[in-house]
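What follows is the residue order along each chain.
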Amino acid sequence: MSELSQLIEINRNIEKQNEEIIRLLKKIAGEEEKARQEEIPSLDEISKIILKDVKTTYDAEPVREEPAVSLPERDSADFLLGNAHDVGEVCFIEEDDIFKLTVKNNETSVNNLTGDADSIDFNLQEMIANESIKNNQSLEDATVILNKSQSLKLHETLKVCYDEGAEHVYIPMSSVTQLIGAPDALLQALGLKYYRNDDELVEMLFGKVE
């Protein structure tokens with residue numbers, strides 16, 4: 001059955017369901033006073049009527065299960081992202097390079113741990129590092145913070161996170177669609193967390209700020 005034929009059939013079923021629901025509601029409201037009480041269906045029965053045709057339509061289509069993906073164990077002692085953070089330190093990934101941003105004595109330094117390129121977008125990470133100092137609280141071990149521009153190639157970025165031992169990866173909620181097709185095992189291993197804005201990210205990392 002083509003998608004168009006399915007849509008037409010579903011629409012017809014919905015029309016029939018609507019007519020049946022109206023009739024049933026009239027019964028419940030007492031407009032058919034002569035109807036015997038035992039003929040009035042329960043809300044549970046009404047729900048079954050509503051879902052019946054839709055369920056039948058979708059059950060007719062075979063469900064294709066994706067094969068389970070197993071990830072290799074991470075047992076290296078030389079992970080770049082698996083270490084503890086000092087207060088004022090934030091790790092992030094930009095264009096496949098791993099960076100560590102450090103704020104110390106009101107000075108910000110950004111070191112590329114895997115290449116020679118410079119970071120061009122680290123405002124979010126600098127803000128988090130300053131919040132870390134303000135709260136005298138370091139980030140959880142093996143944490144990575146990504147902003148929107150660093151999440152454009154999220155599959156590749158998360159692979160780097162996994163290979164280098166990250167366990168807590170924060171990404172903007174607006175980038176969630178980039179996760180389509182990513183293996184569940186990878187997402188679970190990285191402990192992905194989603195934030196809607198900078199304030200929510202700060203609260204997630206350091207608790208509610210007064």
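An account of the accompanying structure is given in this report. (Residues numbered from 1 in each chain as written. Predicted model: local features only at pLDDT ≥ 70, side-chain atom pairs only at ≥ 80, totals over all residues. Heavy atoms only, no water.)

**A few points about helix α4 (residues 154-163)**
Given 3.6 residues to a turn, an α-helix orients residues that are three or four positions apart in the same direction.
Phase 1 of the analysis: Buried residues of α4: L154, T157, L158, V160, C161 and Y162, and no others.
Phase 2 of the analysis: Looking at the buried residues of α4, the elements they touch are β1 (89-94), β2 (97-104), β4 (143-145), β5 (168-172) and α5 (184-189).
Phase 3 of the analysis: G165 occupies a position one or two residues after α4 and carries a positive phi of about 90°. (Buried < 20%, exposed > 50% of the residue type's maximum accessible area, 1.4 Å probe, protein only. Helix = DSSP H or I, 4+ residues; strand = E, 2+ residues; numbered from the N terminus. Contact = heavy atoms within 4.5 Å.)

**Thoughts on the nonpolar core**
Phase 1 of the analysis: Judged by nonpolar contacts, the single largest core of 20 residues is most densely connected at L158, V169 and L190.
Phase 2 of the analysis: Looking at this core, the elements that each hand over two or more residues are β1, α4, β5 and α5.
Phase 3 of the analysis: If one sorts the elements of this core by residue count, α4 sits on top with five residues.
Phase 4 of the analysis: Aside from chain neighbours lying at most four places away, what touches L158 is V169, L179, L186, L187, L190 and L192.
Phase 5 of the analysis: One finds V103, A129, L139 and L201 within the second-largest nonpolar core, a separate group that totals 16 residues. (Core = buried A, V, L, I, M, F, W, Y, C linked by side-chain atoms within 4.5 Å.)

**Details of helix α3 (residues 123-135)**
Phase 1 of the analysis: An ideal rise of 1.5 Å per residue puts 18 Å on 13 residues; α3 measures up with 18 Å between its terminal C-alpha atoms.
Phase 2 of the analysis: When α3 is considered as a whole, its buried residues turn out to be L124, Q125, I128, A129, E131 and S132. Down the axis of α3, the sector holding all buried residues measures 160°, keeping them to one side. Structural note: α3 exposes N123 and K134 on the side pointing more than 90 degrees away from its buried face.
Phase 3 of the analysis: Buried residues along α3 sit in contact with β1, β2, β4, β6 (193-195) and α6 (198-206). (Expected span 1.5 Å × (residues − 1). Arc of directions from axis to C-beta.)

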